[in-house]
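# Report on the structure
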Amino acid sequence: MSPWTSKAAALLATLALAACQVEGGFGTSRSVPVLDGALNVGVPAGYCVDRGASREGNGAAVVIMGRCSSEATVPPAVVTVSVGRAGSAGVTAAGGAAMAAWFTSAEGRKALSRDGRASDVRVHQAISSGDALLLHVTDRKVGTYWRAITDKKGRLITLSATGTPRVPLDPAAGRRVIDQLLAALSRANAG
């Protein structure tokens, strides 16, 4: 498991205790610049960035979001956007079918696992959607969730939408959150 994945997992656990509600986030901003403006992370309506949980360093970033308030009409979810270092998007050059084959392999499932064990992960679906690969995954540690892998400005970007043990995220709702997040990411980096 990469250091960023480990940090993101720890941050997700912290956010789970907050019941997926972000107080004092970035408010209603629809995009947040990261890595000195190298990329903008799009923020779907109803979600806010948690500044305290998000991190940047060594040329990469992890942005964590949750619902802006308990009155928000969007589903409660822990939304994570991981932005890789410059040039990291080269791994997407193989295309969706090759990436899907890798993520469904033992090595790929190990990379997806929060505990680093391939046996803890089941990939239910691996489908292409626009310029992203979408994965419907069950991780014994996290539950069932959606993840997307894409690239922008030469950087590998992974996005996920998960629930918490107390408040699971319905798979259909998780897919909608991922679709909204991908659209927000594209809008934030257009032009």
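Keep in mind that what you see is a predicted model, and the values were worked out from it rather than measured. Sequence order as written defines residue numbering, which begins from 1 separately in each chain. The predicted origin of the model limits local features to residues at a pLDDT of at least 70 and limits the giving and counting of side-chain atom pairs to 80 or more, whereas totals for whole chains, interfaces and linings rest on all residues. By convention in this description, side-chain values take in all heavy atoms of the structure and omit both hydrogens and water.

### Brief notes about unusual backbone geometry
Spelled out, the test is: Where helices and strands are cited, they refer to DSSP runs of H or I of at least four residues and of E of at least two residues respectively, numbered from the N terminus. A simple rule labels every residue: compare its accessible area, found with a 1.4 Å probe on the protein chains alone, to the largest value its type can have, and call it buried under 20%, exposed over 50%, or partly exposed in between.
Of note, the phi angle at Asp36 is positive, near 55°, even though the residue is not glycine. Relative to the elements of secondary structure, Asp36 occurs in the loop between β1 (31-34) and β2 (39-42). Assessed through its relative accessible area of 86%, Asp36 is described here as exposed. One non-glycine residue with positive phi stands out, namely Asn58, at about 55°. Take Asn58: it is sitting in the loop between β4 (55-57) and β5 (60-67).

### Digging into helix α4 (residues 171-188)
Which entries qualify depends on this criterion: Helix span, expected: 1.5 Å multiplied by one less than the number of residues in the helix. Think of a polar contact as two N or O atoms within 3.5 Å of one another; within protein, one of them needs to be a possible hydrogen donor and the other a possible acceptor, and neighboring residues in sequence only count if both atoms come from side chains.
For α4, built from 18 residues, the straight-helix expectation of 26 Å at 1.5 Å per residue is met to within 8% by its first-to-last C-alpha distance of 25 Å. Here α4 starts with a cap whose side-chain oxygen sits 3.1 Å from the backbone nitrogen of Ala172, and that cap is Asp170.

### Some points on the pattern of salt bridges
Convention followed: For this analysis, a salt bridge means a side-chain nitrogen from Lys or Arg found within 4 Å of a carboxyl oxygen belonging to Asp or Glu.
One pass over the full model with this rule turns up five salt bridges. One salt bridge connects Arg140 with Asp120, and the closest N-O pair in it is separated by 3.4 Å. Pair noted here: Arg140 is in the loop between β8 (132-139) and β9 (143-152) and Asp120 is in the loop between α3 (106-112) and β7 (121-129), with a separation of 20 residues, a long-range link. Accessibility expressed as a relative area gives 63% for Arg140, which makes it exposed. By relative accessible area, which is 5% here, Asp120 ends up buried. A salt bridge links Lys152 to Asp131; its shortest N-O distance comes to 3.3 Å. On the criterion of sequence distance, the pair formed by Lys152 in strand β9 and Asp131 in the loop between β7 and β8 is long-range, its members being 21 residues apart. Counted as one network, the salt bridges with shared partners bring together Asp115, Arg117, Asp120 and Arg140.

### Section: the pairing of β5
Convention followed: Each pair of strands is called paired provided DSSP finds at least two bridges between the two strands.
Within β5, eight of the eight residues are buried, leaving the element largely enclosed by the surrounding structure. Of the pairings in the sheet, the one linking strand β3 (residues 47-49) to β5 comprises three bridges and is antiparallel in character. Looking at β5, one finds that Tyr47 is bridged to Arg67. As defined by bridge partners, β4 adjoins β5 across three bridges and the pair is classed as antiparallel. Bridge pairing in β5 places Glu56 opposite Ala61. The turn linking β4 back onto β5 is made up of two residues, and Asn58 within it adopts a positive phi angle of 55°. By the bridge criterion, five bridges tie β5 to strand β6 (residues 78-83) in an arrangement that is antiparallel. When the bridges of β6 are listed, Val63 appears paired with Val81.

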